[in-house]
Structure formats: structure tokens, C-alpha cells
Amino acid sequence: MASELEPEVQAIDRSLLECSAEETAGKWLQATDLTREVYQHLAHYVPKIYCRGPNPFPQKEDMLAQHVLLGPMEWYLCGEDPAFGFPKLEQANKPSHLCGRVFKVGEPTYSCRDCAVDPTCVLCMECFLGSIHRDHRYRMTTSGGGGFCDCGDTEAWKEGPYCQKHELNTSEIEEEEDPLVHLSEDVIARTYNIFAIMFRYAVEILTWEKESELPADLEIVEKSDTYYCMLFNDEVHTYEQVIYTLQKAVNCTQKEAIGFATTVDRDGRRSVRYGDFQYCEQAKSVIVRNTSRQTKPLKVQVMHSSIVAHQNFGLKLLSWLGNVIGYSDGLRRILCQVGLQEGPDGENSSLVDRLMLNDSKLWKGARSVYHQLFMSSLLMDLKYKKLFAIRFAKNYERLQSDYVTDDHDREFSIADLSVQIFTVPSLARMLITEENLMTIIIKTFMDHLRHRDAQGRFQFERYTALQAFKFRRVQSLIFDLKYVLISKPTEWSDDLRQKFLEGFDAFLELLKCMQGMDPITRQVGQHIEMEPEWEAAFTLQMKLTHVISMMQDWCALDEKVLIEAYKKCLAVLMQCHGGFTDGEQPITLSICGHSVETIRYCVSQEKVSIHLPVSRLLAGLHVLLSKSEVAYKFPELLPLSELSPPMLIEHPLRCLVLCAQVHAGMWRRNGFSLVNQTGVSMMDPNHFLMIMLSRFELYQIFSTPDYGKRFSSEITHKDVVQQNNTLIEEMLYLIIMIVGERFSPGVGQVNATDEIKREIIHQLSIKPMAHSELVKSLPEDENKETGMESVIEAVAHFKKPGLTGRGMYELKPECAKEFNLYFYHFSRAEQSKAEEAQRKLKRQNREDTALPPPVLPPFCPLFASLVNILQSDVMLCIMRTVLQWAVEHNGYAWSESMLQRVLHLIGMALQEEKQHLDNVTEEHVVTFTFTQKISKPGEAPNNSPSILAMLETLQNAPYLDVHKDMIRWILKTFNAIKKIRESSSTSPVAETEGTIMEESSRDKDKAERKRKAEIARLRREKIMAQMSEMQRHFIDENKELFQQTLELDASTSAVLDNSPMVSNMALTALGPAQTQVPEQRQFVTCILCQEEQEVKVESKAMVLAAFVQRSTVLSKNRSKFIQDPEKYDPLFMHPDLSCGTHTGSCGHIMHAHCWQRYFDSVQAKEQRRQQRLRLHTSYDVENGEFLCPLCECLSNTVIPLLLPPRNIFNSRLNISDQPKLTQWIRTISQQIKALQVLRKEESTPNTASSKNLENMDELQFPEGFRPDFHPKNPYSESIKEMLTTFGTATYKVGLKVHPNEEDPRVPIMCWGSCAYTIQSIERILSDEDKPLFGPLPCRLDDCLRSLTRFAAAHWTVASLSVVQGHFCKLFASLVPDDNHGDLPCILDIDMFHLLVGLVLAFPALQCQDFSGISLGTGDLHIFHLVTMAHIVQILLTSCTEENGMDQENPAGEEELAVLALYKTLHQCTGSALKEIPSGWHLWRNVRNGIMPFLKCCALFFHYLNGVPSPPELQVSGTSHFEHLCNYLSLPNNLICLFQENNEITKLLIESWCHNIEVKRYLEGERDAISYPRESNKLIDLPEDYSSLINQASNFSCPKSGGDKSRAPTLCLVCGTLLCSQSYCCQTELEGEDVGACTAHTYSCGSGVGIFLRVRECQVLFLAGKTKGCFYSPPYLDDYGETDQGLRRGNPLHLCKERFKKIQKLWHQHSITEEIGHAQEANQTLVGIDWQHL
Ligand SMILES: [Zn+2]
Ligand SMILES: [Zn+2]
Ligand SMILES: [Zn+2]
Ligand SMILES: [Zn+2]
Ligand SMILES: [Zn+2]
Ligand SMILES: [Zn+2]
Ligand SMILES: [Zn+2]
């Protein structure tokens, strides 16, 4: 692409470069017609600069535009060189106090919950940190782009409107000052001129609609013939569709197409072809044809290149204007003036108007440029903000309509500015009074909902998809209405009153269209389904609910307004239901001597609507009348008499009946009880109850005297009875609500705090809850704070979260008595859960289980009469009837919950009476006489017993066991009230027979209770036993759950490490003096066939499920990775450990053949499943992956279980005479030499075999060495097979190559994996300060043992000569020979890997040695040799002297020795090694440096030889250096190794130091790893999450030139920020497109990655291309909860423990396993396209 552009750069018109800004400006200053002059300049130059080829070249264009076009303007404006002019302007400027920073996408914004006037008031991070709000309760969100910082806006904050930075200039508050006084007349005039011309030009060209013709004054003669095919963005077609179409239409590569699509999506348009008209037209028609099939086609235009050029410059100009006004508030004011000045065409012709009105026609990029200009100019100037607001309001209707028909998101529409304007209280108020804004918004809204039914109500039934789409968009107007209403007026002018009431009228008009809309007819036996149109109506109602309450809030502030609003609302309600009796038959109902007139109406047969907003509003206003006491102050002003309570309750009642009938509990929350309370409070309770019975269609049942017949009648169908039962339950519930719900201020004598307290108590009665859960469960009010924080302490305890889970609130026990079983916000399910929880709690506290109604606050006077329902005759009749049924206990004819409700109502009445008595004053008589009434027997003709008597009967009914406690509570309370009455003797209560009986029965009762408790206890114990039995079965069936517990359970490991036989000896892990461990027989059980088997050399193989993976966890160099795995030589591990192979196992044992069968069946099943369902699974069968059949742990191979392999080969023991190190090295060197000669002979073509043999004799084999000897493999076939299987798997995974069991690298990979795994476990133990041989989790212990023994046995299945070859080469790295030249220097060898390789390869050599040197001797000498090399390595790399840390004690033996050794090194390196005189210091460094190595060796030899670990190393403590040395058969003074083997030491050291790499290192030309290697950690995360957000918001996509990344994602391993989940940063990996994260894992974590998705606050684990899961982030809010997705916005802080846990997962190599478990648990995770993240 660069080559294409090259000639263009050269082709810059010389005239452009010669054009002088100063001269042009001078010409303009002289001009008589400036406009013409400037336009000619633009007409000439713009097409020469912009749009010169198929692709834009922004740097060049910008440079030339600045030089030729903008430069002259700046000169003209300043009247001098702008380089001096602008700074002058800036200095003279008095900046405003507003911050006004426009937010970028993803930038953090802060709102103060204490001080922000409304939630839309936000601060930028800088202002927030400098404000008082950082210590308040704040909320943090990420901006979606657009919007600006409100710092400095006094209207936005109740307190602290300025941050430190913006406070500076507030000393003189001079907002009225004209900013123009700081400018000279000249500057003002010139600025005015140039702004006017340029702004007009930009508006004209951007709104230009012709495609090939320019405005006349810009046309030029020599017009080129080039066109663009311009593709525009829409929200209909997908990315993929666009890319596909483009490839076809303009014949470009996929990559180019992606580039086009990305730009179209971002900027709103992009030219996709450049050329003559025909050429472009052709592309256009292909695109249109290809995208018009299902939807409307993509928008494409063929535009003349000069138009595009001018438009591009127009945009540039707008941003330039935005920059220039930044220099001075005066310039800003001039621009505002220019923008709002009315044009020649009168109304709506100002430049600002023209832009706004064309908004929906402009492409995205143009829109955002001019929106930003508006924000930085009009909205930043206090005077013009007002004028602009008026323009905005005047155009409101048109702008909204444009928005509704447009398809772009709201953030790209000018209509979205409403939030910036309407939320400013003073502006909102002004717009209401001057522009009648409320009315305009509501009317505009209604205009868009044109479908009405015959009664003029909204109708959503026949909505097309398009209308539904518009309906969704039109809802944004409701937000506008809310913005306007957010801040309530503090004082009312007559104007405001008038305009508000006008708006209120419009609002009532709207509600009227909703009252009764969408009526439903319930058809018996038919289920009501959620249909789409039904949902639309419901959405509307829900959205308006908030507006209704805001309207009420406004009304509450002014008595005059309230009264007027009440009247208006009543009038509208009358209109709605004026004729509600039409055609409905009047009837008379009577019960107990009361009668009432009403109509016949059957809910079950007629239409009922659930939408009754007018009724709701009226009820709300009625409560306000009570709360504000207007009702008592001005009764004469209120039309209370006009109110017909039966009419008011009729429709809500119908609605509730409908709900009862369809069992739809969800409507209860909508507050109809309030409407009913309002109506009922004005009625005779008996009348109300009768009407209610009638509406519930229960009137007949309760009014018929011989109700008993109801059951005996054979005609009565069982279903009908049950239906009636449900209705009776619902009706009783409604009565409980009407009498009991008193917690709204105005209804009961409570305040808002009481209300919220009660909500919290009832939510926590169900179960303890986390903060967010609780917030969600409280009735939402998005406009107000719930105020929960202020009361939660009073009612709940906070329980802190642990490592997982969340912080929880628990109800305080003393609050339990306020629990109301029939709390009206409970759903059915919640109610029964709460009941169960509360009863359980009471049982635990050994209390009775009655849940009596709580004591309620008194009603406000306007509602006081409601309590009389409880003692009304009809109520008593209902109670008596239900109790009678219960006494008769007649089959299914009554229900327990019916009885329970009646008991609750009786309880409420008793509480009420008791309270009345408690609060009685001398002169008043308590008129509430419920106790009296229930003591009276029923009247003739039934002569039924009194309610009280029936209760006493029921108390002993065996079938009412559950309610016994409640009945007993009622009787007790009754007696208590009786006593109060007697003592005050206000009113005598009739004596009843039951009360005496009650006393005597009490003792009996106690005994009974005790007996029952005993029975219950026994039963519990039995159940517990059963449970634990079941659990055991459950473990077999649900292994995964129990994996954690199994880890600690030693049953799978049969080897007893700490056998007492050897405990008294000093333990030695290796060498000739190795502690001999008696052979132990090991029995294991196969998890698949459950057969037990002994582990033996010759028996069938037993295997452990294992998972091999590549690892960079220990890597000290993440930039290094294997380039060409086919050629890679893994023999020497570099000390940077850059890529290791880790083996893990869950420790579960199977027969090899059982596993094979299992694996085959999994494979077959998976193949079938994939063919059938095309589903991914959490494991990749083709790669040999499977899940452990017991614990479902991800595995990809198996390790054979072996006995200590050394014992098998160590039979030829001759401990007596073993060679010393020097001698041994000599012997081994000779053997190696012999082998090498032999190999050479073999490889040369055998001319004469006899000659070879002769040579061999000549060679003089070292004594007892028999290279022709090949030992017999002792293992069974099955074990051999498994040795090969695991070896091949390690090779395949570790090198990422195809399996090849013959490859000579197989044994190296096995040893490497063993070494690497031990190293990683040693790191974990050290990091956690755990003892080396402490209680290791069983699975780790098993894994290490099997892995080590496997690695030690693997040589038996490999080629002997190959292994010998490896040994020779490894050995040569320390003891040089002539045959190995280019071996790595000792600085570049990881000594532990070297040791493991040497020790495990050694048997291949030793088996041919019959001289009597034991394997143990070899091990010991190898170990000593490697240790010496490591010491030298440490001394060379890790001894830097710190100042002032000199030794204090006289030098010890070690210190002198190490100093001497160091001197030798100094000599050998030709004095390049820095001199360090402190032996103490050196010794300390050696000790520290070598510890990890010694620990790894201890683990290695422990598992290799099975020698128990010394008890000292089983506990944590100080360094244990000496114990380690003893266990490893090392002298405590390590330097002795050198001294003891003096003869050879010198030679070795010299050969190590003379290496060129050592020299380079010492001369500072290269780096080397120093020791001890520090453990890798995940990156440091900031304490405050918002600083991460801020960091990420400054991050732009590295590939698409400065664009903000949409999903910035942080690698927690190395700290790189990536542009995830986006086309721009996809790269190709192994032939597939992958996202930035997946690509990064390959270099940073060899396939495994740990990321933090910053904008979501979510941790992401990735493994390979197909696996991933989300993990809970280490950030918690103050309530101990995470906020995945950042939805709640509470401040988040780092939880160190949780972060450590993630780090631990990483260190343990458990990320892949974690993903596996997450995917098994949640199948939807499997479907996610992880590779594109
Ligand atoms: Zn700010
Ligand atoms: Zn500020
Ligand atoms: Zn604050
Ligand atoms: Zn088996
Ligand atoms: Zn397992
Ligand atoms: Zn990107
Ligand atoms: Zn990384």
C-alpha cells in the first residue's frame, strides 16, 4: 500500500506549497467581498488537497489543510502570526468554572450519591479526585461516549460543585460578565467575519444533498471526472453481511473488506471505490442488489470527488472551530452568536437549527463532530445555553420524530442532548413556563401512538414489526419527561402552576388512553399467554409508573396545584367510567341485616383491563391529601362529595378478581390495594364486603344460611369447589391487605424510613441476602435513593465474605416479631419460603411456631375507618363461616390456607383492639369491640357457636397441628385483652367456658410437647444416618463435587511414607549410604472395575489419569518460544525456564485396560455426538483428551504406576569399595570414550566385521565394561505399553508435534517434565511457606511419585544407545570431552534439569558396567558434580555486594572456603569477575541461591528412591539447610566438595570459566539468570478499580490508528493491554483467525492465558483456541460483592486474597482444569467463540 501512495506524495501541487498563509490573510483583510474571496480560495484548493485517490491519506491532508486553508484563517483572525496571537488570547482569557470535558468511550465517570442533584450529574476522573465527593458515597460507571463533566455547574451539585482545579477562579463570582470585554474590537470584528463564513460553509456543505453538483459559489471550471462509491452505515446489516457483500461488489480481499466495514461502522461512511462514474455506479448496483433481499438495501451513493473533498474539509473545519474557541471564552461567545443568529429565511434558519434539523440525514461521523462542537460551545456558555435550550425545545417535536424514523442508536442522535439540557433545573423550569415543554413532550409522545380503539384507548394489537421498532424508540420520550421532572421546584410562580397544570392535563389525556386498554376476557379453563402486544401495553404502564409518582411529588409541593390536580384527575376518571353501570343490571345484596345496591357483574365472563393508571394517580393524590393535611384544612375546596367510592373501587376490584382467578400473583405489586383503601375508607365496611363478595362471585356461598349444603350436594363438582376455595383465599388476602398495609406515608402514620425498614425486614425473612440482591428485591425507584444504607444497620447484621461468595446481611433476631406472613410484596413462592424459614427459626429457638400478625402503626385519620372492616358484621359472618367449615372438617370443602388467613385476620383484630386499649384516654370509649363480638354465639336460625368457642374446639383438632400454636396465641391474647378490659372495667366481656379449661390443659400440654420433642429428635437422628448413607452413594455418582474432600483423603495412596521402621535413623536419600527401605507391597483399587490389585513389576499395568501441558509459569523470558518444534533440541533446559512441560494428575487409579476401554467408548460416543449435534465439548477427544471417570478432571494421558525402579536394577550391590568422585569421573569418561568409538565404528560402513572386533579389543575397555550387554526389560508387556504411551504424550504435547515414539527426544521430554513439575511444586511450597515434606495433597504426592518413577523407568523402553548418547552429551557439558564441541556454557543450563537427565539416563550406561560401581554411587557423584557446577554458577552470577553489610563475627570455616573458591574463580576468569572480599557475604549468597535446587533434589530423590523424609523437613521453620544437606548426603559446608576432590576441581572450574559466554557475561555483553530465581507473580493491580478503567480508557487499538478499543483486556501475567473481541486486532494463528487474547496466550502463556476484561470487570481464562471461561474478579465493593459487567457502579477495591487465589490457580497449572469444570457445569460456555476474544 505504501508504494501506491508514494507517487501521490510526490505529486503534491507545487502551488500548494507555495501558497502563503500570511499573504492570503492579507488579501482577505483588503477584500471588499470577503465571503466571495474565501469561497474562491476554498473552491480552488480544497479539491486539490482532499480526495486525491482511492484511499484517504490523513496525515498529508491535515498538513496541507493546515498550511493552505486553516493557516490563513488563523492569521486573519489574530491579525498576526497565530503562534503569538493564540497564546495572547489565552492569557487574556478568564476561563469559565465549568470543566465540560467531553467523555470518551469507556472513560470512567463518577456520580456522588450524596450530593448530585440527579444521577445524570457526573464528574470526570480528574475532577472527581480533586473534589470533596471522593469521600462520599459515590458511584462509578464507564461512559458510553458523549456527555461531559458537570464540575463547576452549581445546579448539578447540592454541595461541592467545584473541584480543586476549577475552584481557583471562583473568588469573584461574575457569571454575568461579558467575556467579550477581554477582546479588542478588531479581533471581535474579524473573528465574527471569519466564523460566520466558515460555519456557514461547513453547514452548507455537510447538509448538501446533490451527488455530483457543488453549490454554485464553490463550482470550478476545470473539474476532474472522478467519483466515489460511498457506502453508508446502517443498523440493519451485520458486519459479516457487509464484508461478504463488499468482497463481491468491489472485488477486494477479506482484509480490505474488514477494513472498509470497520470504518463504515465507526465513521458512518467510507468510499469503497474510486474512479469514473460508470465504474462506481457498477459497484453500487451490485451492493444494492446483494443486500436488498430480506431487508432494505445498504445505502450507497456515487458522489463526485470534489463534494466528498469539501465535506471532509467541512468536518475538519468544525473540529478546528472547537479548538480555536478553546483559547478564549470570548471567541466561544462569538461562535455561539454566529450559530444562533437567524438566517435570511426567518424561523429555524440559524446555522444551529439547520444542523439539528438535518441530523438524521447526516452520517455518524458528521453527527458526532458537530455534537461535540455544540457541547464545547453552546453548552459551555451560560448565556447561550439558555438560548440554545429554547431552540432545542422549539424543534423538539421535529427532532424526536426524526429520531423515531431514523435507525441509528440514540447516542448518535441530536435528540440525545435532551439529557444535557432538561436536567439543568433552571433550564427545565424555564422551558416549562416559556415553551410549555411538558405539554410538548407528552403531545409528541401521543402523536406517535396513533392506533386507538373505538373508545380512543391505545391499541397495540396490530403492530407491525416497524411499528414495534418505532414504539421502542418513542419510549425515550418518557425519559425526557422524567428529566424535566427530576428536580422539583422550590417555589412556584403562577406561570409555573399554570403550565404545570396544562402539562398535567396532557398527561391525564395520555393516561386516559391507557385506562382500561387491552381488556382481557378470561375464558374458563384457558391459559392467558404473554402475547407481544400485551407486553407493549405492559411496558408502557411500567415506564409511566415512575412518571406518575414524579407527578405526585410535584403536586405534593403546592397545595393549590394539588387541589387542582385532584379535581382534574377525578373529572377524567368520571369520564372514563361515567357510564359504568350502562347495561349492567342493578341488584340488591344483603347479609346480616345490611344491604347495598350494586350491579350484576361477572368478572369471569366480561372484559377486564389491568391498566388503570388514572385510578392509581387519583389514589396517590388522595393519600397526598391525607399526608399534607390538605383534606382537613380545605375540605370545602375538595370535591369529595362527587367521589363515588363504589365507582372508584369497581375497576381495581375487577382487576384483582381477575388476578385471583388466573392466579397471577405478579399484579399485586402494582399498588391496587391503595386504590381500594382509598375507596373503602369512604364506604360502609359492610357494603364494601358485600360488593366484594359479589365481584368474587362468592356472594351466594356466604349469604345462604344453610351453607353446609354446599358440600353434600352431589351436583357440586369437585373442581368448582376447589376454584371457590382459591377465590375465598384470595378474597381474604385482599382484606388483609386493605386493613394491614399502612406503611405508605399518608395512609398510616409512618415515614419513609419505616417503609423501607419493613421492606428489608421482609426480604431478609426469606433468607440472608447480599447487598445487590437486597437492592434488587426492594421496590425499585430509579429516581430516588432507596435510603437503604441508613436503616440496614438497624435491622440486619453484616457477615463478611470468604474467599468465594459474597457478603451477606442477616436479619437481627429482635426484628422477627415484625414479620408479617401476608406482606403484600411477597410472591407466592416468597411467602411460603419466608413462612418456612421463620417457623424453622422459631423451632431452633425452642419457641412455639405461631406467626401472629405484627403490631401495626395507626392509620391516618382519612383512612382510620378501615379498621372497622375487621369488626363489621359481614366480616364476622365470613370468619364464622370458615371456622364452621373447619370444625366440621368436611373433606376438600375447605382449605388450610383459608383457615390460616381467617386466623390471621382474627389476630389482626385482636392486636388492633389491644392497641386501642393501650392508648385509650379517660374521656374516650374504645369503640373497637372485637373480643365482645366473637364471644357471642351466632344468631338464629343457625344457632352456631361463638367464634371463640369454635377456636377452642379447633385447638385440639388433630388435623390442625400446624395451626395449633397460632390458635393458642389467639386465645392467650384474647385473655390478655379481657384482663385489660376488666381492670379498666370499660366494658365487660362475656365469660366463656373455654378460658378455664385452658389453664388446666397447660401442664398436660407441656408433657405432650416434651414427648413430641423426643420423638422428633429420634427421627432426626434416623434421617441423619440415612443422609450420610445416601451421601456415600452420592460420592460415587457425583464425584466432581467431592473432589476437594478427596484431595485430603489418603485412601488412594497406599504407600506409607512415615513407616516407623526407619524413623530413628538419620535418613539419607541417595548414594551408597542410602537408607534402605524395606520393600512394601502396594495394593490399589481400580476406580472403574473396583478390583483390587497389587502393584508389581510383572503384573498388569495400573495407571493414573494425567494432564500434560506446556507451561510458562516459571518462565523468566516470555518473549522466547520454540520456533520450529521439528528441529528444536530440548536436551538442555535454559535457566530462564522459558518453556516447560508440566504434568498434573487427579491421582485416580485405573487398570490400563479398563482405561483403554473407557477412552475408546468416550471417543466413539463423542464422534457420534459431534456428527449429530455439531457441539463442542469441554474436552478435545481428537487430541486424546478425556475426563477422569471419577472426578471429571481434564486429562490427556495416563501415567503408569510403578514400584521404585532403582531397587530393580540395584541388585548387583557392592558397597564395600566404591570409587571416589575423581576416580569415578575418570572411569565414566573412559566408558564414554569407548562407547563413542564403538558408535563411530557402527556408523561407518562395516568393511570387515572382524576388524571392528579387533579395534574393540584395542580400545581396552575399562574393566568390567560390557557394551554388548543388553539387559532384559523386567516389566510386563502392559506396563511397557503404558511407559510408551505416556512418554509419547509428553513428547507430543511438550513439543507440539505429531506423536512419534521412536524420536530420540522422547526420553528427554519425559525427564524434562519430571524436573519441571518438581520445580513448579517446590516454588508453590516456598511461596506459601509450606514445609517441603509437609502433608502434600494426596493427588500431588501420587502424581510426583508416579511421574518420577515413570521417568526413571522410561529408558527401558527407549533405545539404549539413544539414552547413552544423551547421557554422554549431558555429561560432557560438565566434564568436557573431545567429541562434543558446541555445548551450552554453564550459565545457560538449568542445573536441576541437568541433574534429572543425568541421573535418569545413567542406568543405561551403568547396566553394562560389571565393575562393581553401584547405581547409588553414580547418583551421588552425579549429584555432587552438578551441585558443584551450580555453586560456580551462583558465584558467577549472583554475588553482588551490598554496601555496609559487612560481617560482624570472625570468619567461619564456610566463609573462608568460599572466599578461596571465589579467588580461584577470579583467577580462572582472568580477573573479569568482580572482587568481593566478604566471605560471609558470598556464603550467604551461595546458601540462598542453592536452596531451591537442594529442595528440588530432595523431592526428586525422595520419590525416586522412596526414602522417607526426615521429620524436620515435614514442618515449616527456618531454612533447614543442614537437614537438607544431611538428607542429600552433602557436607554442610558445600565448598568441601571442591576441597575433597581437589585434583579434578581445578580442571573443571577452568573448563567452565574459559567459556566465551562467561567472558561476555562478565564483561556485561550479555545477561544471565541469577539465583535464587524469584517466583513469577501476576502483575500488581491497583487498589482502586477506577484507575484501571482510566488506564484502559486511554488505551487505543494498536492497529487501527488511535481508535478506542471496545474491549480493552489486560493480561494479568505480563501486563500487556490488548484490543480484544474486535476485527481490527485479529491475527492468523496456525491458519485460523484468532482474536488478540488468543494470539497473546500463544506467546505469553504457551496457550494458557489469564486476563482481566477491564470494561466488564471480569476475569477471563483461556486455554488453547476453543476453551475458556469467565472467573470472578478480585475486586469487591464495600458489601463484599463483585460487579461483573459493572452494572451497579459501587466503588470497587482489590481483594488481595482473591487475587492470590487466582495466582495460585496459575502457579498450580490449574487454569485449564478450572475451565474444564466451568464448562462442564455450564454448557453455554462451550458455545462461546473463545478464539475470537
Ligand atoms: Zn471534569
Ligand atoms: Zn473540576
Ligand atoms: Zn458528595
Ligand atoms: Zn479395572
Ligand atoms: Zn480423577
Ligand atoms: Zn484493535
Ligand atoms: Zn501476557
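Worth saying up front: this structure is predicted, and the values here are computed from it rather than measured. (Residues numbered from 1 in each chain as written. Chains lettered and ligands numbered in written order. Predicted model: local features only at pLDDT ≥ 70, side-chain atom pairs only at ≥ 80, totals over all residues. Heavy atoms only, no water.)

Undergrad: Explain the overall build of the chain to me, using residue names and the numbers behind them.
TA: Counting secondary structure elements, the chain contains 66 helices and 27 strands. A burial count over the chain gives 56% of its 1733 residues as buried. Partitioning the intrachain contacts of the chain with sequence separation of at least 6 by distance along the chain shows that 76% fall at a separation of at least 24. Carbon and sulfur atoms form 50% of the exposed surface of the chain, whose accessible area is close to 76100 Å². (Helix = DSSP H or I, 4+ residues; strand = E, 2+ residues; numbered from the N terminus. Buried < 20%, exposed > 50% of the residue type's maximum accessible area, 1.4 Å probe, protein only. Contact = heavy atoms within 4.5 Å. Areas by Shrake-Rupley, 256 points an atom, 1.4 Å probe, with all protein chains shown as cover.)

Undergrad: Lay out the coordination of the zinc ion (ligand 3) with the relevant residues and their values.
TA: Each angle at a metal carrying four tetrahedral donors should ideally be 109.5 degrees, and each at a metal carrying six octahedral donors should ideally be 90 or 180 degrees. Around the zinc ion (ligand 3), the protein supplies C112 (SG), C115 (SG), H133 (ND1) and H136 (ND1) as donor atoms, at distances of 1.9 to 2.2 Å. Given 4 donor atoms and angles of 99 to 116 degrees at the metal, the environment of the zinc ion (ligand 3) is assigned as tetrahedral. Assessed through its relative accessible area of 3%, C112 is described here as buried. (Donors = N, O, S within 2.8 Å, 3.2 Å for Na, K, Ca; no water. Tetrahedral: all angles 85-135°; square planar, octahedral: opposite > 155°, others 65-115°.)

Undergrad: Would you mind going over the coordination of the zinc ion (ligand 6) in detail, with residue names and values included?
TA: Coordination of the zinc ion (ligand 6) by the protein involves C1597 (SG), C1619 (SG), C1624 (SG) and C1625 (SG), with metal-donor separations of 2.2 to 2.3 Å. Angles of 99 to 124 degrees at the metal separate the 4 donor atoms of the zinc ion (ligand 6), which places the site in the tetrahedral class. Spacing between the donor residues of the zinc ion (ligand 6) along the chain follows C-x21-C-x4-C-C. Exposure remark for C1625: the relative accessible area of 6% places this residue in the buried category.

Undergrad: Describe the packing of helix α3 (residues 21-30) against helix α4 (residues 34-49), with residues and values.
TA: At a minimum axis separation of 8 Å, α3 and α4 run at an interaxial angle of 150 degrees. The angle between the axes of α3 and α4 places the two elements in the roughly antiparallel class. As α3 runs across α4, the sense of the crossing is right-handed. Residues T24, K27 and W28 of α3 form the contact with α4, whose participating residues are L34, E37, V38 and H41. (Axes fitted to C-alpha atoms, helices over the stretch in contact; angles between N-to-C directions. Parallel < 35°, antiparallel > 145°, perpendicular 65-115°, else oblique. Left-handed = near helix turned anticlockwise from the far one by under 90°.)

Undergrad: Before we move on, can you summarise the packing of aromatic side chains with the specific residues and values?
TA: In the structure shown here, the tally under the stated rule is 45 aromatic pairs. Above the plane of the ring of W363 lies R269, whose end atom (NZ or CZ) is 3.6 Å from the centre. Over the face of the ring belonging to Y403 we find R473, whose NZ or CZ atom lies 4.2 Å from the ring centre. (Phe/Tyr/Trp six-rings, centres within 6.5 Å; stacked < 30°, edge-to-face > 60°. Lys NZ or Arg CZ within 6 Å of the ring centre and 35° of its normal.)

Undergrad: Can you break down the confidence of the model for the chain residue by residue, with the values?
TA: Confidence in the prediction of the chain, expressed as mean pLDDT, is 82, and 85% of residues score 70 or more. Confidence drops under pLDDT 50 across residues 986-1000; counting only partners more than four residues distant or on other chains, this segment forms 20 contacts. (pLDDT = per-residue confidence, 0-100.)

Undergrad: Give a detailed account of the pattern of salt bridges, specifying residues and quantitative values.
TA: Considering all chains together, one arrives at 60 salt bridges under this definition. Between R1653 and E1656 there is a salt bridge; the shortest N-O distance is 3.5 Å. On the basis of relative accessible area, R1653 is assigned to the buried category, the value being 7%. One continuous salt-bridge network, built from bridges that share partners, spans D1388, E1557, R1560, E1565 and R1566. (Salt bridge = Lys/Arg side-chain N within 4 Å of Asp/Glu carboxyl O.)

Undergrad: Any chance you could break down helix α57 (residues 1479-1505) for me, citing the residues and the numbers?
TA: At M1491, α57 shows its largest kink, close to 40 degrees, and the proline P1492 lies no more than four residues downstream. G1506 sits one or two residues past α57 and shows a positive phi near 70 degrees. (Bend = angle between axes of the 7 residues up to and from the residue.)

Undergrad: Which residues make up the sheet that holds strand β18 (residues 1197-1200), and what values do they have?
TA: Pairing in this open sheet of 3 strands is antiparallel, and the strands run β15-β14-β18 from one edge to the other. The open sheet is flanked by β15 (1140-1151) and β18, the only strands paired with a single partner. Taking each pair of neighbouring strands and ignoring which way they run, the sheet shows an average axis angle of 40 degrees. Strands in contact with helix α51 (residues 1305-1327) are β14 (1102-1111) and β15; relative to β15, the strand with the most contacts, it is inclined by about 95 degrees. (Pairing = 2+ DSSP bridges.)

Undergrad: Could you give an account of the sheet that holds strand β4 (residues 269-275), with specific residues and numbers?
TA: Within the open sheet, the 3 strands sit side by side as β4-β3-β5. Their pairing is antiparallel. Both outer strands of the open sheet, β4 and β5 (300-304), are each paired with one neighbouring strand and no more. For this sheet the average axis-to-axis angle between neighbouring strands, irrespective of direction, equals 30 degrees. Summarising the sheet, strand β3 (residues 227-232) and β5 pair through 5 bridges and their orientation is antiparallel. From the neighbouring strand, C229 faces β5, where its bridge partner is V302. Set on the sheet, helix α12 (residues 277-291) makes contact with β3, β4 and β5; between it and β4 the angle comes to about 135 degrees. Sheet strands in contact with helix α13 (residues 305-324) are β3, β4 and β5, and its direction is about 95 degrees off that of β5.

Undergrad: Please set out unusual backbone geometry residue by residue, giving values where relevant.
TA: The omega torsion across Y1571 and P1572 is -5 degrees, close enough to zero to call that bond cis. The topology assignment puts P1572 in the loop between α61 (1556-1562) and α62 (1585-1593). Its identity is not glycine, yet N348 carries a phi of approximately 65 degrees, on the positive side. Structurally, N348 is set in the loop between α14 (329-340) and α15 (351-357). Of note in this structure, K1296 is not a glycine but carries a positive phi near 60 degrees. Relative to the elements of secondary structure, K1296 occurs in the loop between α50 (1277-1295) and α51.

Undergrad: Provide a residue-level description of the pairing of strand β11 (residues 808-811), including the pertinent values.
TA: Where burial is concerned, the two faces of β11 differ: the one with Y809 and L811 is buried and the one with M808 and E810 is not. For strand β10 (residues 796-799) and β11, the ladder comprises 4 bridges, and the chain directions are antiparallel. Across the sheet, K799 pairs through a bridge with M808, a residue of β11.

Undergrad: Please give an account of the pairing of β14 that cites residues and values.
TA: Within a regular strand, side chains alternate between the sheet's two faces. Of all the 10 residues making up β14, 10 are buried; the element is thus mostly covered by neighbouring parts of the structure. Across the two faces of β14 the burial is the same, with M1102, L1104, A1106, V1108 and R1110 and V1103, A1105, F1107, Q1109 and S1111 all buried. Two strands pair when backbone bridges link them, and β14 and β15 are joined in this way by 9 bridges, in the antiparallel orientation. Looking at β15, one finds that F1107 is bridged to G1144. Bridge count between β14 and β18: 4 bridges; the pairing is antiparallel. Paired with A1105 across the strands is V1198, a residue of β18.

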